[in-house]
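Geometric and topological summary
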Amino acid sequence: MEWITVLGLFAGACTSVAVFPQLIKAFKSKSVEDVSPGMFTVMIIGFSMWLIYGIIQEDVAIIATNGLSLILNGIMAYFLIKYKR
């Protein structure tokens, strides 16, 4: 594996796991009061577009990291619906 692919995977992993603290907080507290649904909507759209781009470009780093980001942000969107008051 080329170093540039490793760099891309590491950068994408950092971006992907950035949502973990919010996911954990929402799951534990069962509250999403201070979470912006608009932000997660835009993020999901963006990650979807990056995933499509990565598939077209056949770039493993873009596909893997944006696929993971899409899943994690999708879970957060689910929490936004489930825990909405």
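Residues numbered from 1 in each chain as written. Predicted model: local features only at pLDDT ≥ 70, side-chain atom pairs only at ≥ 80, totals over all residues. Heavy atoms only, no water.

Attention now goes to the nonpolar core. Formed by Val-19, Leu-23, Ala-26, Val-32, Val-35, Phe-40, Leu-72, Met-76, Phe-79, Leu-80 and Tyr-83, the largest nonpolar core amounts to 11 residues. The element best represented in this core is helix α4 (residues 60-82), accounting for four residues. (Core = buried A, V, L, I, M, F, W, Y, C linked by side-chain atoms within 4.5 Å. Buried < 20%, exposed > 50% of the residue type's maximum accessible area, 1.4 Å probe, protein only. Helix = DSSP H or I, 4+ residues; strand = E, 2+ residues; numbered from the N terminus.)

This part covers the confidence of the model for the protein chain. Per-residue confidence for the protein chain averages 93 on the pLDDT scale, and 100% of its residues sit at or above 70. Confidence, expressed as mean pLDDT per element, reaches its minimum in the protein chain at helix α1 (residues 3-17) with 91 and its maximum at helix α3 (residues 37-57) with 95. (pLDDT = per-residue confidence, 0-100.)

We now examine the packing of aromatic side chains. Per the counting criterion, the structure on display carries four aromatic pairs. Between Phe-79 and Tyr-83, the ring centres sit 5.3 Å apart and the planes meet at 35°, which makes this aromatic pair tilted. With respect to burial, Phe-79 and Tyr-83 carry one shared label: buried. Three or more aromatic residues link up through ring pairs in this structure, and these residues are Phe-27, Tyr-78, Phe-79 and Tyr-83. When the ring centre of Phe-27 is taken as origin, the NZ or CZ atom of Lys-30, which lies over that ring, is 4.0 Å away. (Phe/Tyr/Trp six-rings, centres within 6.5 Å; stacked < 30°, edge-to-face > 60°. Lys NZ or Arg CZ within 6 Å of the ring centre and 35° of its normal.)

Let's shift gears to the environment of Ser-36. Structurally, Ser-36 can be placed in the loop between α2 (20-29) and α3. Taking the C-alpha atoms as reference points, Ser-36 and Ala-26, separated by 10 residues in sequence, lie 12 Å from one another.

So, on to the packing of α3 against α4. Where α3 contacts α4, the two axes come as close as 9 Å, and the packing angle between them is 155°. As far as their axial angle goes, α4 and α3 are roughly antiparallel. Crossing angle aside, the handedness with which α3 passes α4 is left-handed. Residues Pro-37, Phe-40, Met-43, Ile-44, Phe-47, Ser-48, Trp-50, Leu-51, Tyr-53, Gly-54 and Ile-55 of α3 pack against Ile-62, Ile-63, Asn-66, Gly-67, Ser-69, Leu-70, Asn-73, Gly-74, Met-76, Ala-77 and Leu-80 of α4. (Axes fitted to C-alpha atoms, helices over the stretch in contact; angles between N-to-C directions. Parallel < 35°, antiparallel > 145°, perpendicular 65-115°, else oblique. Left-handed = near helix turned anticlockwise from the far one by under 90°. Contact = heavy atoms within 4.5 Å.)

For Gly-12, the position within the fold is in helix α1. Distance from Gly-12 to Asn-66, taken between C-alpha atoms, is 7.1 Å for residues 54 residues apart in sequence.

This part takes up the environment of Ile-24. Looking at the element boundaries, Ile-24 is found in helix α2. The sequence separation of Ile-24 and Met-76 amounts to 52 residues, and the corresponding C-alpha distance is 9.6 Å.

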